[in-house]
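# Fold and contact review
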Amino acid sequence: MPPSLEEEVSVECPPPLAAKSSWLSLAKLTVAARSSTVFGRIATPYVTYQFKSSIPRGAGVVPLVDIGTHQAGEICVAGPQVSPGYLNRPKESMKQFIHVDSATLGEKAGASIRLYRTGDLAKWRDSSGQLDYIGRADKQVKCSGHRVELGDIERTLERHPQVGSCVVIQHKQEDSEALVAYIIPVKGQAQVQLPAIINWAKEILPYYMVPGSIQSLKEFPLSSAGKIDRIALISDSYKAAKQEKSEEQQPSQVEGQIDWLQSHLQGLLNVSYLDPKKNIFSLGVSSLQAAQLVGKIRQHNGKPVTLAQLHAYPTVETLTTLLQSPNNDSADPAQTTRWAQDSRLVDDLASPPNWQSADKGRVFITGATGFLGAYLLHRLLSLPSVKKVACLARSQGNVTANDRIQKALEKYDLWDGRLEIAQKIIALDGDLTDATLGLGDDKFSWLSNWASVIFHNGARVNWCEPYEALYEPNVVGTRNVIRLTTLGRRKAIHYISSVGTWNVTGLVNKTKRVFEDGPLTPHLESLRYDMGYSQTKWVADEMVQRARDRGLPATIYRPGFVIGDSSRGYGNADDFFARLIMGSIQSGQFPHLPHQRLEYVTVEFVCSAILHIASKTECLGQSYHLVPPDVAQSLSIEETCSLLNQAGYPVKQVPYQEWLEGIQKYLGSPLEPLLPMLQEPVLGDLTRLQTSIHPPVYDTQNFVQALEDRPDIKYVSLDPELLQRCIDFWPTF
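Attention in this report is confined to the structure presented alongside it. Worth saying up front: this structure is predicted, and the values here are computed from it rather than measured.

## A closer look at helix α12 (residues 401–411)
Here α12 has its buried residues at A401, I405, A408 and L409. Down the axis of α12, the smallest arc covering the buried residues is 95 degrees, so these residues share one side. Of the surrounding elements, those touching the buried residues of α12 are α11 (371–382), β15 (388–393) and β16 (425–429). In the stretch just after α12, D413 is the one whose phi turns positive, near 60 degrees.

## Quick notes on the pattern of salt bridges
The final tally for this structure, using the stated rule, is 19 salt bridges. Note that E599 is salt-bridged to R597, the shortest N-O span being 2.7 Å. In the salt-bridge network here, residues are joined through shared partners; they are D413, D565 and R568.

## Some points on the packing of α11 against helix α19 (residues 603–614)
Viewed as axis vectors pointing N to C, α11 and α19 meet at an angle of 55 degrees, and their least axial separation amounts to 10 Å. Of the possible angle classes, the one that applies to α11 and α19 is oblique. Here α11 and α19 pass one another in a crossing that is right-handed. Facing F371, L372, Y375, L376, R379 and L380 of α11, the residues of α19 in contact are V603, E604, V606, C607, S608, I610 and L611. Residues belonging to the contact of α11 with α19 are distributed by class as follows: 10 nonpolar, one polar and two charged.

## Comments concerning the packing of aromatic side chains
In total, this model carries 20 aromatic pairs according to the counting rule given. Ring geometry for W463 and F561: centres 6.1 Å apart, planes at 20 degrees, overall stacked. Residue W463 is located in the loop between β17 (453–456) and α15 (467–486), and its partner F561 is located in strand β21 (residues 561–563); the two are separated by 98 residues in the primary sequence. On the basis of relative accessible area, W463 is assigned to the buried category, the value being 19%. Of the residues examined, F561 reaches a relative accessible area of 24% and is grouped as partly exposed. Each ring, one from Y557 and one from Y624, has its centre 6.1 Å from the other, and the planes form 20 degrees; the classification is stacked. Here Y557, found in strand β20 (residues 554–559), pairs with Y624, found in strand β25 (residues 623–626); they are 67 residues apart in sequence, far enough to count as distant. Judged by relative accessible area, Y624 falls into the buried class, the value being 0%. An aromatic cluster is defined as three or more aromatic residues linked by ring pairs; in this entry it consists of W463, F561, F576, F577, Y600 and W730.

## Structural notes on the sheet that holds β17
In space, the seven strands of this open sheet follow the order β16-β15-β14-β17-β18-β20-β25, with parallel pairing throughout. At either margin of the open sheet sits one strand with a lone partner, and together these are β16 and β25. In this sheet, adjacent strand axes meet at a mean angle of 20 degrees when their direction is disregarded. Where strand β14 (residues 362–366) lies against β17, four bridges are found, and the strand directions are parallel. Within β17, the residue paired with I365 across the bridge is F455.

## Topic: the pairing of β20
Where burial is concerned, most of β20 is hidden: six out of the six residues are buried. Side chains A554, I556 and R558 project from β20 onto one buried face, and the interleaved T555, Y557 and P559 project onto a second face that is buried too. With four bridges connecting them, β20 and β25 associate as parallel partners. Among the inter-strand pairings, R558 is bridged to a residue of β25, identified as H625.

## Some points on the nonpolar core
Counting 47 residues, the largest nonpolar core has L380, V389 and F455 as the members making the most contacts within it. Of all elements in the fold, only β14, α11, β15, α12, β17, α19, β25 and α23 (701–706) reach the threshold of two or more residues within this core. The dominant element in this core, judged by the number of residues it contributes, is α19, at nine residues. The residues touching F455, leaving out its near neighbours within four places in the chain, are W355, V363, F364, I365, T366, L376, L380, H494, I610, L611 and A614. Within the second largest apolar cluster, 40 residues are counted, among which are I563, C641, V651 and L723.

## With respect to unusual backbone geometry
One non-glycine residue with positive phi stands out, namely K510, at about 60 degrees. Tracing the backbone shows K510 in the loop between α16 (505–508) and β19 (513–514). Unusually for a residue other than glycine, H595 sits at a positive phi of about 65 degrees. Following the sequence through the fold, H595 ends up in the loop between β22 (589–591) and β23 (597–598). Overall, the relative accessible area of 54% leaves H595 in the exposed class.

## Observations concerning the side chain of H523
For H523, the position within the fold is in the loop between β19 and α17 (532–549). Assessed through its relative accessible area of 9%, H523 is described here as buried. Ignoring anything within four residues of it in the chain, the contact list for H523 reads W502, N503, T505, N509, T511 and V514.

## Quick notes on the pairing of β17
Burial along β17 is two-sided: V453 and F455 facing one way and I454 and H456 facing the other are all buried. Pairing of β17 with strand β18 (residues 492–496), which is carried by four bridges, proceeds in the parallel orientation. Considered in β18, the bridge of I454 is made with I493. With α15 bridging β17 and the parallel β18, this β-α-β connection has right-handed handedness.

## Points about the environment of H171
Secondary-structure assignment places H171 in strand β11 (residues 163–172). Of the residues examined, H171 reaches a relative accessible area of 4% and is grouped as buried. Once the C-alpha coordinates of H171 and L233 are considered, the two residues, 62 residues apart in sequence, prove to be 9.9 Å apart.

## Topic: the packing of helix α20 (residues 637–646) against helix α24 (residues 720–729)
At a minimum axis distance of 9 Å, the contact between α20 and α24 shows a crossing angle of 80 degrees. Between α20 and α24, the angle is such that the two are roughly perpendicular. Seen from α20, the contacting residues are L643, L644 and Q646; seen from α24, they are P720, L723 and I727. Grouping the constituent residues of the contact of α20 with α24 by class yields five nonpolar, one polar and no charged.

## With respect to α11
Between its first and last C-alpha atoms α11 spans 17 Å; for 12 residues at 1.5 Å apiece the expected length is 16 Å, and the two agree. The element α11 is largely enclosed, with a buried count of nine among its 12 residues. Among the residues of α11, those classed as buried are F371, L372, G373, A374, Y375, L376, L377, L380 and L381.

Analysis parameters
Within each chain, residues carry numbers counting from 1 in the order of the written sequence. Given that the model is predicted, a residue must reach a pLDDT of at least 70 before its local features are reported, and side-chain atom pairs must reach 80 or more before they are shown or counted; all residues, however, enter totals for whole chains, interfaces and linings. Hydrogens and water are ignored here; the side-chain numbers use all heavy atoms of the structure. For each residue, the accessible area found with a 1.4 Å probe, counting protein chains only, is set against the maximum for its type, and the residue is called buried under 20%, exposed over 50%, and partly exposed in between. Comment: elements are numbered from the N terminus, with helices defined as DSSP H or I runs of at least four residues and strands as E runs of at least two. Throughout, the arc means that of the directions going from the helix axis to the C-beta atoms. Note on contacts: a residue pair qualifies if any of its non-hydrogen atoms lie within 4.5 Å across the two residues. We define a salt bridge as a contact between a side-chain nitrogen of Lys or Arg and a carboxyl oxygen of Asp or Glu at a distance within 4 Å. Only the stretch in contact is used when a helix axis is fitted, and all axes are lines through C-alpha atoms; the angle between N-to-C directions ranges over 0 to 180 degrees. Working definition: roughly parallel below 35 degrees, roughly antiparallel above 145 degrees, roughly perpendicular at 65 to 115 degrees, and oblique for all remaining angles. Crossings are assigned a handedness: left-handed for a near helix turned anticlockwise from the far helix by less than a right angle, right-handed for a clockwise turn. Each residue is assigned to one of three groups, with Ala, Val, Leu, Ile, Met, Phe, Trp, Tyr, Cys and Pro labelled nonpolar, Asp, Glu, Lys and Arg labelled charged, and all others, Gly among them, labelled polar. In this analysis, rings of Phe, Tyr and Trp, with Trp reduced to its six-membered ring, are considered paired at centre separations within 6.5 Å, and the interplanar angle assigns stacked below 30 degrees, edge-to-face beyond 60, and tilted for intermediate values. At least two DSSP bridges between two strands are needed for those strands to be called paired. Put simply, a nonpolar core is a bunch of buried Ala, Val, Leu, Ile, Met, Phe, Trp, Tyr and Cys residues held in one set by side-chain atoms that sit within 4.5 Å of each other. Seen with its strands pointing away from the viewer, a crossover is right-handed if its path from the first strand over the helix to the second goes clockwise. Expected helix span is taken as 1.5 Å per residue step, with the number of steps being one fewer than the number of residues.

The following block contains the structure:
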């Protein structure tokens, strides 16, 4: 006994022991200690251990693992007070009475010490030698996939001011495994609010440890040994539940579908009442119980209900409505719409800010001195939401970058001399091939933080030069613009590519259709039979896609053959289309190239589509084929010759070689600069132009969907009148 007799003493004596094992000064026990029962201070100097593994029956010396403070272990007792074992119960004695190496317990080596396993779990509170009692090792159960110590729940509920004592039991009925708490109220509590206690527990315990129901008792049933008889508790409750269930199944107690559902769910959750308006999953229905409920509904009603429907109609009332509905189609087409909408919940988090918002509107564009770039710049300058447009251009001799930009706009009659428009332009004298775009580190850093959005249209266009000659401006230049996009403020890049990235895959790979967001790499082998320009566009397009896969906010646009605007016909006199038409008119001959389709698109259609798609956040991260929406609208080379005839030009189709010979008879022919491409074989005897036979269909699903809300952006087909307007604008070669 402790030396001071003035202190209250608690003695813990398991039945197989003959004397006290621990003591505790109750005067030192504070209210806070109620969260875990204090077992006491151990009278002997032994420490606490865990078993290394499950203990085999009849094992000799059992290995132990030393544990420290705050780690749980089983309390074992040694000494002369330990009894020889259970009378006439050899199996239990073999399990509960074990031997351990004496050296493990700090005694002289070479012997073993006999221990009694109490089955009680405890842990050292601190170095004072005081143990906190956790619970019984045989009171661990599994709830909703989690291992739960029932003693933890009991001690938590005993902290409630209305609860004096508590016992928690897992009830295993026909189709449910529910936790039920039994309490003895604190003396003096007239009425105990059982639902309030459960709600209080929900604030403290994990959901899988909250009892499904709680019952108030005057006393707990005890066994002959004076311990709480848990079996009796379970038996009494089971009988009561069966009796209640039997009564509920009487016709006088069950009225219709809602009564059956409510009754069954109350039994499933082991509760006395269930609000028909409450979500059954929030009340604790597990996935296993949900599957059981679906089976019961099918069995009771003869009507199948899916788990998806159970989650969509999660209350007794809504589920009853579903069961009474004549249409029980589980494949709800509205779900697909919701899935698509829900997938966009992150769009406002992952996307860069709207570049046209009131505090943005600062655009950086490359390639503004070219044909498409000039039209794109003109459209950007006309937008009220655009405050400034920084244009990268290289000065040439005495012609400054600013002069080149203005001349490009004037060339197509797009220059607006009004001061408020001209002042929107910021001319940046630079170079795409330089790592800082020829701006220097400081200005490059400024641009990365200044720009709200980037339109990368700059590229060197040449149909005859090899890949090496175009590598620096088209490949390295794109890499440098991507780097600019990744630095400074978060912003998107809109990259203008070309359908030429798909090269001659139709002939070489027998590809029938290519998709806008489809991979380019399967078509890589056919790239060797294409011209250097298409090769660089393939590489640059692939670079943007790879950067996009790594998080770069990027949109890719692949226009077809961009021709003059539909109203005036103002177009690029130096491109392939203009030289093909003018050269053929001059020679009076047109090449016979069957099975070749040309994707003519007017420049204003392309610009309107790009700017509209770029303004929609939901379109970011996709690719678009800017070609005729319907492949039937595309014209073949043979049909192009027919348009020339309808416009009044008496050209005739001739074999390809004859056409080539006719071109070469005219010195200074518009097609003369293209002769290397037209003459040099790249695949057998086929030249680059001839390998364009059997082009794939360029799928336009993304493109058509993006323009659904803009019916005014219409595709205009090339016809004899538009062709004539284009011819009128081009100079006479």
